Amino acid sequence: LKIMDSADVVVAGGGVAGLGAAIASARAGVKTILIENNGFLGGVATSNMMQALCNGSGIHGIMEELIALMAEKGGAPKWSFEARKAGSENGYINEAVSFDVETFKEAALEMCVKSGVVMYLYTKACLPIMQGDTIVGVVVESKNGRSAIMGKRVIDCTGDGDLAFRAGVPFIVGR
């Protein structure tokens, strides 16, 4: 296969987990590639119009930044775990943050660009490229055909663990 690109970190899947992984990696100063099947970021949050970010112990870090940017753009309420905790009744804190899907897409793209993430949209992560028991790259398909993206580290954020499964990583089904 033709090698299309290579990076220190390759993240397969541009959903919420993939966004966090790619942005954090790029901010650490290493070349980071994000592969996303759709023409936009957000995964299920945007493609299926989930329209709510939920977390059991408070939303922090990159997702908190994403919510703040969406709020700035008028697409989400301002988020403050501390304010919600202080205003809670009987200790219950509603940690679901609803948002406008298109604002999420815009904010996520902006954060990736600003962080220096190299994005391949409309690109499907098909198969892991293995060296022994280590994933060292990803076979991808796009309108340009089939090629490879190599990485010193590959992070599977495909939602269903497609690359990990095809690499032979043990798994269980169900919750």
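Our structure is the block above this text.
Residues numbered from 1 in each chain as written. Predicted model: local features only at pLDDT ≥ 70, side-chain atom pairs only at ≥ 80, totals over all residues. Heavy atoms only, no water.

### Concerning a nonpolar patch on the surface
Alright, step 1. Taken together, the side chains of Phe 165, Phe 171 and Val 173 define a hydrophobic patch exposed on the protein surface, amounting to about 380 Å² of accessible area.
Alright, step 2. Summarising the element assignment, Phe 171 is placed in the segment after α6 (162-166). (Patch = residues over 30% accessible without salt bridge, like charges linked within 9 Å, V, L, I, M, F, W, Y side chains within 5 Å. Areas by Shrake-Rupley, 256 points an atom, 1.4 Å probe, with all protein chains shown as cover. Salt bridge = Lys/Arg side-chain N within 4 Å of Asp/Glu carboxyl O. Helix = DSSP H or I, 4+ residues; strand = E, 2+ residues; numbered from the N terminus.)

### Some words on the nonpolar core
Alright, step 1. If you look at the biggest cluster of nonpolar residues, it comprises 28 residues, and the most contacted ones within it are Leu 19, Leu 34, Leu 66, Met 70, Phe 99, Phe 104 and Cys 112.
Alright, step 2. Secondary structure elements with two or more residues in this core: β1 (3-12), α1 (16-27), α3 (61-72) and α5 (101-115).
Alright, step 3. With residues up to four places along the chain from it excluded, the contact list for Leu 19 reads Gly 14, Leu 41, Gly 42, Met 63, Phe 104, Ala 108 and Cys 112.
Alright, step 4. Grouped together as the second largest cluster of nonpolar side chains are 13 residues, Ala 12, Ile 33, Val 140 and Leu 163 included. (Core = buried A, V, L, I, M, F, W, Y, C linked by side-chain atoms within 4.5 Å. Buried < 20%, exposed > 50% of the residue type's maximum accessible area, 1.4 Å probe, protein only. Contact = heavy atoms within 4.5 Å.)

### Topic: the side chain of Ser 147
Alright, step 1. Along the chain, the position of Ser 147 falls in strand β8 (residues 145-156).
Alright, step 2. Using a relative accessible area of 7% as the deciding quantity, one classes Ser 147 as buried.
Alright, step 3. Aside from chain neighbours lying at most four places away, what touches Ser 147 is Leu 1, Lys 2, Met 4, Val 138, Val 139 and Val 140.

### Some remarks on the packing of aromatic side chains
Alright, step 1. Applying the stated rule across the entire model yields 2 aromatic pairs.
Alright, step 2. With centroids separated by 5.0 Å and ring planes inclined at 40°, the aromatic side chains of Phe 99 and Phe 104 adopt a geometry described as tilted.
Alright, step 3. The class of Phe 104 is buried, set by a relative accessible area of 0%.
Alright, step 4. Between the NZ or CZ atom of Lys 105 and the centre of the ring of Phe 40, over which it lies, the distance is 3.9 Å. (Phe/Tyr/Trp six-rings, centres within 6.5 Å; stacked < 30°, edge-to-face > 60°. Lys NZ or Arg CZ within 6 Å of the ring centre and 35° of its normal.)

Interpretation in functional terms is not warranted from these geometric data alone.
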